[in-house]
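One letter stands for each residue in the lines below.
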Amino acid sequence: MRLNRGPLPAAVRAELALERGERVLAAAPTRGGSHVTATLLALHVPTPSGGFTRIPWERVDHATWKDGWLHVKETSGGAEHHVRLTDPGSVPETVRERVTATIAVTHHATLPGGGKVRIAGRRPAAGGDVRWTFVFDAGLDPSDPGLRAQAEQVLEDLRRQTGL
């Protein structure tokens, strides 16, 4: 992976409020004059209000790069971020590498009651236990207790099989 060692403006670095040991891997200027910053632990994307949203790598459900735009969807709550980068540098490939590095296992399952779920086990970049997420097919209600119970049973079987 190429690292973008270009200068990150001091004002942007100060506003990011990086955690201890959180080193910048790549940064790219945005059309709005801010920066998207990829660190060892998270992706920092600018908000419309001028601040930043910090998304730990294990919370990035998926990210795509198309026509100069970085599109990021979070696992919890499904928040989406769309940022136009004026000079992407190594940000797109850094995002891909960091997200991929967190994935311990993914499994697609058909639920007994119908419908499908994707179960992902992700390891936080800072270390720690695997965190599990469910992504249900469109049209399924993730808050339905019966549906969640079916997915939890599939997860238990998956954990037994993988030892995670």
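Residues numbered from 1 in each chain as written. Predicted model: local features only at pLDDT ≥ 70, side-chain atom pairs only at ≥ 80, totals over all residues. Heavy atoms only, no water.

Asker: Give me the lowdown on the domain arrangement of the chain, citing residues and values where you can.
Answerer: Here the domain parsing of the chain yields domain 1 (10–101) and domain 2 (103–162). For domain 1 versus domain 2, the separation of C-alpha centres amounts to 26 Å. Opposite the 11 residues of domain 1 that make contact, domain 2 presents 10 residues. Summing both partners gives a buried area of about 800 Å² for domain 1 against domain 2, and 46% of it is carried by carbon and sulfur. Three residues, Leu41, Glu58 and Asp61, lead the burial of domain 1 against domain 2; their summed loss comes to 58% of the area buried on that side. For the pair domain 1 and domain 2, the number of links is 2 salt bridges. For Arg118, the salt bridge is made with Asp61, and the minimal N-O distance between the two is 2.8 Å. The interface formed by domain 1 and domain 2 holds 5 residue pairs in polar contact (both at pLDDT 80 or more) in total. Those elements that provide at least two residues to the side of domain 1 that touches domain 2 are strand 5 (60–66) and helix 2 (91–102). (Domains from an automatic or database assignment. Contact = heavy atoms within 4.5 Å. Buried area = accessible area lost by both parts, 1.4 Å probe. Salt bridge = Lys/Arg side-chain N within 4 Å of Asp/Glu carboxyl O. Polar contact = N/O pair within 3.5 Å; in protein donor to acceptor, adjacent residues only side chain to side chain. Helix = DSSP H or I, 4+ residues; strand = E, 2+ residues; numbered from the N terminus.)

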